[in-house]
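# Structural features, examined
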Amino acid sequence: MTYQPYEAYKNNSVNTASPGELTLMLYNGCLKFLKQAKKGLDESNFEWKNVNIQKAQNIINELMITLDQQTEIGKQMLPLYDYINQALIEANIKNDAEKLKEAYSLVQEFRDTWKEVLKQTRQQKYGDGARV
């Protein structure tokens, strides 16, 4: 077995990340898979599109499962995640680029908001020297 430094780095990043950082990683991964799905759709590679939409759906499902339903924000996010999931199902079944774009836009907005929350939390915790 050969040593793969990038794989070791990725594994270490995940193993040492805070819950907030893990959520950010999930959003980024979802966006990556949605880009790949769009590429598959554009190239009429429907298997590639399907595989990547399913990967994105798995991430959305994970985000849904880990929501704290006791909080107001958790109660508000669940239907939004469900909406994204339904858009992805429709995009996959109908090869609908608009639904894929809509899902991407929503995930990107959530990711950008989450990134800002992490940044502000770090600034409050560590001062102005923290960067995300």
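Residues numbered from 1 in each chain as written. Predicted model: local features only at pLDDT ≥ 70, side-chain atom pairs only at ≥ 80, totals over all residues. Heavy atoms only, no water.

Regarding its fold elements, the protein presents 5 helices and 0 strands. Ordering the α and β elements of the protein from the N terminus gives α-α-α-α-α. A buried classification covers 32% of the 132 residues belonging to the protein. Contacts in the protein between residues far apart in sequence, at least 24 positions, make up 57% of those at least 6 positions apart. (Helix = DSSP H or I, 4+ residues; strand = E, 2+ residues; numbered from the N terminus. Buried < 20%, exposed > 50% of the residue type's maximum accessible area, 1.4 Å probe, protein only. Contact = heavy atoms within 4.5 Å.)

Here we come to helix H3 (residues 46-65). Between its terminal C-alpha atoms H3 stretches 28 Å, which fits the 28 Å expected from 20 residues at 1.5 Å a residue. Within H3, burial applies to Lys-49, Asn-52, Ile-53, Ala-56, Gln-57, Ile-59, Ile-60, Leu-63 and Met-64. The buried residues of H3 occupy an angular sector of 160° when the element is viewed end-on, so they sit on one face. Turned more than 90 degrees from where H3 packs its buried face, Glu-47, Asn-58 and Ile-65 sit exposed. (Expected span 1.5 Å × (residues − 1). Arc of directions from axis to C-beta.)

How two aromatic rings sit relative to each other is set out by the distance from centre to centre and by the angle between their planes. Tallying each qualifying case throughout the model produces 1 aromatic pair. Aromatic pair Tyr-81 and Phe-110: ring centres 5.9 Å apart, planes at 90°, arrangement edge-to-face. One end of the pair, Tyr-81, is in helix H4 (residues 72-94); the other, Phe-110, is in helix H5 (residues 97-126), with 29 residues separating them in the sequence. (Phe/Tyr/Trp six-rings, centres within 6.5 Å; stacked < 30°, edge-to-face > 60°.)

Let's shift gears to the confidence of the model for the protein. Looking at the protein, pLDDT values average 89 and 84% of them are 70 or higher. Put simply, helix H1 (residues 5-16) is where the protein has its lowest mean pLDDT, 60, and H3 is where it has its highest, 97. (pLDDT = per-residue confidence, 0-100.)

Bringing the nonpolar core into the picture now. Core analysis: the largest hydrophobic core is formed by 25 residues, its most contacted members being Leu-34, Ile-60, Tyr-81, Ile-84, Leu-88, Leu-100 and Val-107. For this core, the elements supplying multiple residues, two or more each, are helix H2 (19-42), H3, H4 and H5. (Core = buried A, V, L, I, M, F, W, Y, C linked by side-chain atoms within 4.5 Å.)

A word on the side chain of Asn-52. Counting through the fold element by element, Asn-52 comes out in helix H3. Looking at Asn-52, the relative accessible area reads 1%, which means it is buried. If sequence neighbours within four positions are ignored, Asn-52 has contacts with Phe-33, Gln-36 and Ala-37.

The backbone of Ser-44 sits at a positive phi, close to 55°, despite the residue not being glycine. Mapped onto the elements of the fold, Ser-44 is located in the loop between H2 and H3. Its identity is not glycine, yet Asn-95 carries a phi of approximately 50°, on the positive side. Of the residues examined, Asn-95 reaches a relative accessible area of 32% and is grouped as partly exposed.

All right, on to the packing of H4 against H5 then. Between H4 and H5, whose axes approach to 8 Å, the crossing angle comes to 150°. In terms of their interaxial angle, H4 and H5 are classed as roughly antiparallel. Handedness of the H4/H5 crossing: left-handed. Contacts between H4 and H5 involve Met-77, Leu-80, Tyr-81, Tyr-83, Ile-84, Ala-87, Leu-88, Glu-90 and Ala-91 from the first element and Lys-99, Leu-100, Glu-102, Ala-103, Leu-106, Val-107 and Phe-110 from the second. Of the residues belonging to the contact of H4 with H5, the class tally is 13 nonpolar, no polar and 3 charged. (Axes fitted to C-alpha atoms, helices over the stretch in contact; angles between N-to-C directions. Parallel < 35°, antiparallel > 145°, perpendicular 65-115°, else oblique. Left-handed = near helix turned anticlockwise from the far one by under 90°. Nonpolar A, V, L, I, M, F, W, Y, C, P; charged D, E, K, R; others polar.)

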